[in-house]
Each structure stands twice: as structure tokens, then as C-alpha cells.
Amino acid sequence: MMNIKDFKLFRDKNYIDGKWVTADSGDTISVNNPANLKEIGTVPKCGTSETKKAIEAANKAWPDWKAKSARQRSDILRKWFDLIMNNKEELAQIMTIEQGKPINESRGEIGYGASFIEWFSEEAKRVYGDTIPDPMTDRRIVVLKQPVGVVASITPWNFPNAMITRKCAPALAVGCPVVIKPASQTPFSALALAALAEEAGFPKGTLNVITGKASEIGDELATNPIVRKLSFTGSTEIGKILLQKCSGTVKKVSMELGGHAPFIVFNDANINDAVAGAMQSKFRNTGQTCVCANRIYVQEKVHEEFCKKFIEEVSKMKVGDGLNEENSSGPMIDEHSLTKVEEHVEDAIQYGAKVAIGGSRHSLGMNFYQPTILTGVSSEAKITTEETFGPVAPIYKFKDENEVIELANNSPYGLASYFYSRDIGRIWRVAEALEYGMVGVNTGLTSKAEAPFGGIKESGLGREGSKYGVDDFLEIKYINMCGLDK
């Protein structure tokens with residue numbers, strides 16, 4: 001087993017105002033490998049005072065950063081991208097050790113995360129305003145887009161690289177400095193990104209990473225008037241609390257919150273493709289994604305065929321330490337997450353569900369759970385309405401299109417959805433009828449830098465990625481120029 005401390009990108013201090021610092025108190029937080037529960041290192045346990053320092057550093061850096069030309073910012077972002085890709089393997093190893101996901105998935109995430117930096121390094125040069133014809137001949141209307149100011153980014157543990165780059169790349173591209181609060185379970189990925197950002201040449205204070213007490217840091221980021229935009233990825237419950245706190249200073253916010261994605265397989269679907277998509281959507285990162293399939297609806301005529309093939313594929317999955325190239329499913333992030341999965345499975349069984357495969361903790365012990373398929377799941381079971389965030393696939397049988405659309409939309413969440421069909425009329429009808437911010441048609445994976453990521457209803461506000469992801473970090477200024485004919 002390799003030692004994370006041997007990596008050149010391993011950092012166990014916070015990055016604030018261009019310096020690597022400890023907590024004022026000297027206190028630390030222990031970070032454990034979820035695959036073996038062993039401590040892999042510690043990071044500073046910071047709070048309100050250190051957060052204020054990071055915010056003030058970002059605010060001090062803002063005038064010079066926004067004054068740089070779009071090309072200058074673009075060039076620094078591009079250097080950051082190149083450094084990440086040149087250090088892809090080490091970043092992936094760090095991620096797997098602290099987060100647990102299979103190493104091939106970690107490698108994929110590093111490339112995916114870097115793609116946002118590449119994309120927004122190019123979009124930095126394309127922040128366009130407008131000129132609007134004025135009804136009066138002696139005046140002109142001009143619309144400018146300007147950086148909103150200091151941006152706070154609070155990111156989760158399940159994608160410790162990509163959730164940072166997806167938020168910070170557009171902010172930095174348009175001239176906003178950032179303060180990043182990574183999850184306490186996975187801080188080393190964030191600090192490694194900061195080390196590469198330093199090497200890329202970001203001016204001090206432009207990018208800051210602070211670890212520690214989530215409640216104190218989050219409260220300061222949400223209430224401090226210097227912070228003009230907060231971007232959060234996490235649970236709907238915490239998102240609502242942050243929204244309330246941000247209202248005090250009327251900040252701009254982006255909220256990428258919980259999901260409960262339906263995955264629909266119609267009678268006319270290519271079943272092999274649907275099974276492959278279900279595997280990709282449901283079991284990526286051991287089911288610990290906000291966009292993974294939470295309810296798999298299969299139409300009556302193909303229900304038996306789909307279940308048989310799906311079970312066959314799941315039975316091939318190898319569970320274990322993510323550093324082993326042969327393993328396709330890693331551990332849950334912690335005991336709490338594991339317990340929730342157990343509760344959902346036990347509850348579903350009480351309501352009549354049958355365990356087709358899996359259904360319990362893995363023989364490896366610790367935080368490992370068997371990839372699981374449940375059939376005959378009741379709409380009354382918790383798993384039908386609550387986000388499981390684990391490797392459990394509940395399957396439901398349905399009769400017709402109208403029924404499944406109603407079932408799919410019967411959720412307070414509206415992040416991602418998926419369906420398989422080869423009927424072009426049905427594809428348009430269902431895609432437009434599903435109340436979700438993202439719809440995957442004949443695919444189980446939709447995320448990419450060029451496309452807008454985000455949800456509706458209680459799954460959040462705003463969009464990340466694509467040209468739409470830039471606007472959340474800009475303010476629109478209207479200038480009315482008069483007296484031009486004198």
C-alpha cells in the first residue's frame with residue numbers, strides 16, 4: 001500500500017493568500033481511507049477567523065485579477081489544466097486513497113474535472129455584452145457583464161476534484177477570486193489542486209482553500225457581505241439552510257442539491273444498451289452520485305429480460321480497495337452512509353421487495369456493501385422517495401407511458417433522469433414531459449463541460465458547465481449614454 005505522504009502534491013496545510021498555513025489553534029482533523037479505515041493524514045481544523053482571512057485575501061486580490069485581460073486569465077487557467085493533466089495519475093491515486101472510488105473512475109474524474117478548466121479558459125475570452133437601439137437618437141444603450149466579486153465554493157466528498165473545477169473555473173475565468181471549502185472526508189484532492197494552481201501562476205489570494213469546521217466556515221461564507229456569490233453542492237437539507245443564510249446579504253447562489261433519478265426502460269428499448277446504461281448510472285462511485293439511477297422502471301414486456309441481464313452484469317462486479325485495478329466497486333464513504341443503505345434495503349424488504357442479488361454488507365467488512373438489485377419494490381418503501389446514495393438498484397414494473405411519467409415526476413427532486421426507447425415520437429414526448437433539469441436518452445451518463453448541469457424543484461438553482469455556467473458569476477450593467485449629438 002502506497003503512502004499518500006510520499007506524493008509531491010500531498011499538502012496537509014490550508015492555502016490562504018498564497019501561503020500554506022495551519023489553523024490558528026493548531027487543531028487538526030483526521031482523514032481516513034474508507035477502504036481500510038486507517039488514518040492517511042490530517043488537515044487544519046479552521047473556523048470563523050481563518051475563513052475571514054481567506055475572504056479578505058480574496059477581496060484584496062479581486063481588483064488586480066478582474067483587471068487582467070481575458071486572455072491573461074485564460075493563459076493561467078490553461079497552465080492549470082496542463083499541470084493537472086500532467087499529474088493525472090498522482091491526483092487519481094490521492095483521490096482513491098481518501099475517497100475510495102476505483103482507480104479507473106478516479107482517473108476519469110481527473111480528466112472530467114480538468115475539462116471544465118479547459119472549457120472555461122476558452123470561454124473567458126467570450127463574455128460578450130450588447131448594444132441596444134434606443135428610441136431617442138441622441139443616446140445609446142450599452143450592456144456590460146462584469147465579475148460578481150468574491151465567490152465561495154462549498155464542495156462534496158463524492159467528486160472531490162470535479163466539483164471544485166466545475167465551480168471555480170468559470171469564476172476565475174471571468175475575474176472572480178474564490179474561497180473553497182472542500183468536504184472534510186476528502187480535503188487532499190482540493191489541496192493538491194491548490195498546489196497546481198500555485199504552480200500555474202494564480203496571483204496570491206485569487207484561489208484559497210480552507211478546511212475545518214463545516215458549520216463555522218459555511219456560516220461565515222454565507223453571511224459575510226464581502227462574499228457576493230456562493231456555489232454549493234450537497235444535500236437539499238443543507239442547501240436550504242445556506243439559502244436562508246445567504247438571503248441576509250442577498251447573495252447570488254448556485255445550488256446543486258439532492259436527486260432521485262428515474263431510469264425508464266420502454267418495451268421498444270435496446271435491452272443490452274439499457275442494461276449497460278443502468279450499470280453506468282447506478283453503480284458509478286458505488287452509487288454515491290447525485291445523478292445516479294434511484295428508481296428503475298421497466299415496462300412489462302421486457303421486465304423479465306432486463307432483470308435477468310442486469311443481474312448477470314451486477315454479478316460480475318468485483319468489490320474491494322479502489323487501488324486494485326480489478327475492482328469495479330469501492331467502499332461507502334463512512335459508517336453512516338453504510339447504515340442508511342442497510343435501512344433502505346431492510347425497509348424495502350418489509351414492504352415486499354425481493355433481493356435478486358446482494359442485499360447485505362460485504363464479507364470484506366468495514367465500509368463495503370454488496371452491489372444489490374431489488375425487484376418488486378413498493379411505492380411505499382423509503383427507497384422510492386429518499387435518496388439512497390449507495391449501490392442499491394430498486395426495480396419497478398410499469399404498464400404504459402402515461403403511468404411511468406407520472407411515477408417519475410412524483411418527486412420533490414428534479415435533477416437527472418434517464419430513459420431508453422427507439423421510438424422518436426416517444427423520445428420527444430417523454431423528454432419534454434419529465435420534470436428534470438437533465439434528461440439522458442439512451443445513455444446513462446450525461447455530464448460534460450460543454451453542457452449545462454443542474455436541476456429544478458428541490459434539486460437546486462443555477463447551472464454549471466457550458467456557456468450558461470458563466471452567467472452565474474457575472475453581473476449585468478446597463479449604461480445609458482445621452483447627449484451624444486451635442
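In what follows, the structure referred to is the one given above.
In what follows, the accompanying structure is described.

## Comments concerning the sheet that holds strand S19 (residues 438-441)
Across the sheet, which stays open at both edges, the 7 strands sit in the order S14-S15-S16-S13-S12-S18-S19 with mixed pairing between neighbours. Single-partner strands in this sheet number two, and they are strand S14 (354-357) and S19. The sheet shows a mean angle of 25° between the axes of neighbouring strands, taken without regard to direction. Bridging between strand S12 (residues 261-265) and strand S13 (residues 293-299) involves 5 bridges; their strand directions are parallel. If you follow alanine 261 over to S13, its bridge partner there is alanine 293.

## Details of the layout of surface pockets
The calculated volume of the largest pocket comes to roughly 1200 Å³. Around the largest pocket, the lining comprises 40 residues; the ones closest to its centre are Trp157, Phe232, Gly234, Ser235 and Ile238. Contributing elements (two or more residues each) for the lining of the largest pocket: helix H7 (214-223), strand S10 (227-233), helix H8 (236-246) and helix H11 (335-350). Looking at the lining of the largest pocket residue by residue, the class counts come to 14 nonpolar, 16 polar and 10 charged. Estimated volume of the second largest pocket: approximately 270 Å³. If you trace the second largest pocket, you find 19 residues lining it, with Tyr112, Phe159, Arg284, Leu445 and Ser447 closest to the centre. Mapped onto the lining of the second largest pocket, the elements with two or more residues apiece are helix H4 (103-123) and helix H5 (162-174). Broken down by element, the lining of the second largest pocket gets its largest block of residues, 4 residues, from H4. Class assignment of the residues belonging to the lining of the second largest pocket gives a composition of 8 nonpolar, 5 polar and 6 charged.

## A few points about the pattern of salt bridges
For the coordinates displayed, the defined rule picks out 25 salt bridges. For arginine 426, the salt bridge is made with glutamate 401, and the minimal N-O distance between the two is 3.1 Å. Taken together, the residues span a long stretch of sequence, with arginine 426 in helix H13 (residues 424-433) and glutamate 401 in helix H12 (residues 401-409) at a distance of 25 residues. Residue glutamate 401 is classed as buried on the basis of its relative accessible area, which comes to 13%.

## Structural notes on the sheet that holds strand S5 (residues 130-132)
Within a sheet, each strand pairs with its neighbour through backbone hydrogen bonds, oriented either parallel or antiparallel. Ordered in space as S5-S6-S22, the 3 strands form an open sheet in which the pairing is antiparallel. Single-partner strands in this sheet number two, and they are S5 and strand S22 (474-481). Recorded for the sheet is a direction-independent mean angle of 25° between the axes of neighbouring strands. Across 3 bridges, S5 lies against strand S6 (residues 140-147) in antiparallel orientation. Considered in S6, the bridge of threonine 131 is made with valine 142.

## Notes on unusual backbone geometry
Positive phi outside glycine occurs at leucine 37, with the angle close to 65°. With respect to the element layout, leucine 37 can be found in the loop between strand S3 (28-32) and strand S4 (39-44). Under the relative-accessibility criterion, leucine 37 is labelled partly exposed at 45%. Not every positive phi belongs to a glycine, and valine 250 is a case in point at roughly 50°. Residue placement: valine 250 occurs in the loop between H8 and strand S11 (252-256).

## Comments concerning the pairing of S19
Residues Met438 and Gly440 line the buried face of S19, whereas the alternating positions Val439 and Val441 sit on a face that is not buried. Examined bridge by bridge, strand S18 (residues 416-420) and S19 share 4 bridges and lie parallel to one another. The residue of S19 that forms the bridge with phenylalanine 419 is valine 441. After leaving S18, the chain enters H13 and then returns to the sheet as S19, a path that is right-handed.

## Remarks on the side chain of asparagine 87
Assignment of secondary structure puts asparagine 87 in the loop between helix H2 (70-86) and helix H3 (88-99). Setting aside residues up to four positions removed in sequence, asparagine 87 forms contacts with Lys8, Leu9 and Leu196.

## Comments concerning H3
Between its first and last C-alpha atoms H3 spans 16 Å; for 12 residues at 1.5 Å apiece the expected length is 16 Å, and the two agree. Among the 12 residues that make up H3, 10 are buried, leaving the element largely enclosed by the rest of the structure. All of the buried residues in H3 are Glu90, Leu91, Ala92, Gln93, Ile94, Met95, Thr96, Ile97, Glu98 and Gln99. The inward-facing, buried residues of H3 contact S3, S4, H2, H4 and helix H6 (187-200). Note on H3: the residue one or two positions beyond its end, glycine 100, has a positive phi of about 100°.

## A few points about the packing of H3 against H4
It is at 8 Å that the axes of H3 and H4 come closest, and there the two elements cross at 125°. Classed by the angle they form, the pair H3 and H4 counts as oblique. With respect to the hand of their crossing, H3 and H4 are arranged in right-handed fashion. Of the residues in H4, those touching H3 at Lys88, Glu89, Leu91, Ala92, Gln93, Met95 and Thr96 are Ile103, Ser106, Arg107, Glu109, Ile110 and Gly111. Among the residues making up the contact of H3 with H4, the classes are represented as 5 nonpolar, 4 polar and 4 charged.

The rules we used
Along each chain, the written sequence defines residue order, and numbers are assigned to residues from 1. For a predicted model such as this one, the threshold for reporting local features is a pLDDT of at least 70, and the threshold for listing and counting side-chain atom pairs is 80 or more; totals across whole chains, interfaces and linings nevertheless cover every residue. To get the side-chain values, take all heavy atoms of the structure and skip hydrogens and water. DSSP-based pairing: two strands are paired if at least 2 bridges between them are found. Strands are runs of DSSP state E lasting at least 2 residues, helices are runs of H or I lasting at least 4, and numbering of each runs from the N terminus. Orientation is described by axes fitted as lines to C-alpha atoms, over the contacting stretch for helices, and by angles from 0 to 180 degrees between their N-to-C directions. The definitions used throughout rest on a 1 Å grid laid over the protein atoms alone, on which a cavity is an enclosed set of points accommodating a 1.4 Å probe that cannot get out and a pocket is an open set flanked by protein within 12 Å on both sides along at least five of seven lines; lining residues are those having an atom within 4 Å of a point. Grid points are joined across faces, edges and corners, and a volume is the space filled by probe spheres set on the points. Residue type decides the class: Asp, Glu, Lys and Arg count as charged, Ala, Val, Leu, Ile, Met, Phe, Trp, Tyr, Cys and Pro as nonpolar, and the leftover types, Gly among them, as polar. Salt bridge criterion: a side-chain nitrogen from Lys or Arg within 4 Å of a carboxyl oxygen from Asp or Glu. For each residue, the accessible area found with a 1.4 Å probe, counting protein chains only, is set against the maximum for its type, and the residue is called buried under 20%, exposed over 50%, and partly exposed in between. Throughout, right-handed denotes a crossover for which the path from the first strand over the helix to the second runs clockwise when the strands point away from the viewer. Working rule for contacts: check all heavy atoms of both residues, and any pair within 4.5 Å makes them a contact. Residue count minus one, scaled by 1.5 Å, sets the expected span of a helix. For this classification, under 35 degrees means roughly parallel, over 145 means roughly antiparallel, 65 to 115 means roughly perpendicular, and everything else is oblique. By the definition used in this description, the sense in which the near helix is turned from the far one sets the handedness, with an anticlockwise turn below a right angle giving left-handed and a clockwise turn giving right-handed.

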